[in-house]
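This is what each chain is made of:
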Amino acid sequence: MSTISNGPIESAERIQVLDVLRGIAVGGILVGNMQWFSGYGMMPPKLLAATPMYDQITQFLVHVLVEGKFYSIFSFLFGFGFAMQISRAAERGDTRGTIFKRRLAWLLVIGLLHAYLLWAGDILSIYALMGFVLLLFRKTSDRSLLKWAAVLLIIPVVTYVLLFSLFAAFVPANALAEFEAGQTQFWHDSVQKASQGTYLQIITDFNLQYIVGRYAGLIFQMRLPKILAMFLIGMYAYRRGIFQDPQANRPFIRQVAVYGISIGLASNLIFSWLSGNEAPFPPSAAGLAGVAYYAVGVPALALGIAAAVMILCQGGAVPKMLSAFAAVGRMALTNYLMQTIISVLIFYGYGLGKFGSFGALEATTTAFGIVTFQLIASSMWLRYFSYGPMEWIWRQLTYWQRLELRRP
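Just so we're clear, the structure is a prediction, and the values are computed from it rather than from any experiment.

S.K.: Explain the overall build of the protein to me, using residue names and the numbers behind them.
M.R.: From N to C terminus, the protein includes 16 helices and zero strands. Rg of the C-alpha trace for the protein: 21 Å, near the compact-globule value of 22 Å for 408 residues, within the 12% margin. C-alpha extents for the protein along the principal axes are approximately 65 × 45 × 40 Å. Here the protein holds 408 residues, and the buried ones make up 52% of them. Intrachain contacts of the protein at a sequence separation of at least 6 include 81% that bridge at least 24 residues. When the accessible area of the protein is evaluated, it comes to approximately 18,800 Å², of which 67% is carbon and sulfur surface. Charge-centre separation for the protein: the mean point of 30 positive side chains lies 9 Å from the mean point of 18 negative side chains.

S.K.: Residue-level account of the pattern of salt bridges, with values.
M.R.: Taken as a whole, this structure holds three salt bridges when the rule is applied. One salt bridge connects D142 with R239, and the closest N-O pair in it is separated by 3.0 Å. Of the two residues, D142 sits in helix α7 (residues 142–170) while R239 sits in helix α10 (residues 223–240), which places them 97 residues apart along the sequence. For R239, a relative accessible area of 30% corresponds to the partly exposed category. We note a salt bridge from K193 to D205, for which the minimum N-O separation is 3.4 Å. Separated by twelve residues along the polypeptide, K193 in helix α8 (residues 175–196) and D205 in helix α9 (residues 199–220) bring together distant segments of the chain.

S.K.: Can you break down the packing of aromatic side chains residue by residue, with the values?
M.R.: By the definition in use, this model includes 21 aromatic pairs. Relative to F243, the ring of F80 has its centre 5.0 Å away and its plane inclined at 75 degrees; by these criteria the two rings are edge-to-face. You can see F80 sitting in helix α4 (residues 69–91) and its partner F243 sitting in the loop between α10 and α11 (250–274), a full 163 residues away along the chain. By relative accessible area, which is 1% here, F80 ends up buried. F243 gets classed as buried once you look at its relative accessible area, which sits at 4%. Three or more aromatic residues link up through ring pairs in this structure, and these residues are W187, Y199, F206, Y210, Y348, Y350 and F355. Stacked on the ring of W394, the Lys or Arg R103 has its end atom at 4.0 Å from the ring centre. Positioned over the ring face of F252 is R240, at 3.9 Å from the centre of the ring.

S.K.: Describe unusual backbone geometry, with residues and values.
M.R.: For W400, which is not glycine, the phi torsion reads 50 degrees and is therefore positive. Positionally, W400 belongs in the segment after α16 (389–399).

The rules behind each value
Residues numbered from 1 in each chain as written. Predicted model: local features only at pLDDT ≥ 70, side-chain atom pairs only at ≥ 80, totals over all residues. Heavy atoms only, no water. Helix = DSSP H or I, 4+ residues; strand = E, 2+ residues; numbered from the N terminus. Rg over C-alpha atoms; globule rule 2.2 N^0.38 Å. Buried < 20%, exposed > 50% of the residue type's maximum accessible area, 1.4 Å probe, protein only. Contact = heavy atoms within 4.5 Å. Areas by Shrake-Rupley, 256 points an atom, 1.4 Å probe, with all protein chains shown as cover. Lys, Arg positive; Asp, Glu negative; His and termini not counted. Charge placed at Lys NZ, Arg CZ, Asp CG, Glu CD. Salt bridge = Lys/Arg side-chain N within 4 Å of Asp/Glu carboxyl O. Phe/Tyr/Trp six-rings, centres within 6.5 Å; stacked < 30°, edge-to-face > 60°. Lys NZ or Arg CZ within 6 Å of the ring centre and 35° of its normal.

The structure is reproduced here in structure tokens:
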């Protein structure tokens, strides 16, 4: 491999609070994903209503505090990182974002392999594809970035209104009963396939079916505009110097924390009570209200949490309670993929086969256990190595130069 001038960011150049936030986001994403790894999140409403009350309360709290918030934080950080990398590359002569495009291309490859070979709920391929769209905004003014973000966050609400109207006008009344029966049958089939299937059976049957449903769901839920909106807000944060000079932006950060958390909590309580899903189907009036509150509450709470963490980290050194998350954040790709490997070995047939047998509480405590393990393992790994194993591979492919894995 030949050496080039555009190399990866060195440790001394890193902004530690970004790593802390990235680590918190990776942990939060697992708590949300674990409802789907375990199968509990796929359970039809009638079956969910028959589960123990402690599981229903746990799921409600996951909706309020977790669902959508941590992938939104990660999306925000992705946008910030994009702006930083593009700016840094331009200073070194790469005005076309060549390195970033190569980085995205390899992330797309990793994501697609992850989706097919391990878990169809992959988000890496989505980030990579939307990253190419983000390149179109690199010369957009600061004011226009925020306008675009606002429009993108409204799109899911408008889409759901249209869907609700079409459903009410053209779908017969008996279709709801047929849909519920099909949903229940699909659930039982999924439990059998996932919990009893061999690895080959799962990747050739269950995963393929799940991938189709996953991408159809992302389109129906209008997840892509939401991700792109947070990308743009992250770009704006870089241009404003929020993380580069937190002391100068302290009043603004405090306002984001106060308003984001207060508005976000209130909106997410209403969203979770009304729908509990970012785009409930079949469409309903309650679902429409839930979608509207989701559009406001999720980005507000995500930014509020990020601002609160920044405030905690502004005293000079990062508090010990949060510093361990910095190691997880520096190994975000490795930890994300590790979460999948551990989870599929717990729930799929080629592992312990527990798919469909965990309630929301058991799934959530399992997620916390995995995150705790990763906090310890990541800190230990980075004592001896400069990168996580997947980060090391990804960076060498991106920059096309050899990197020392072990610390000097």
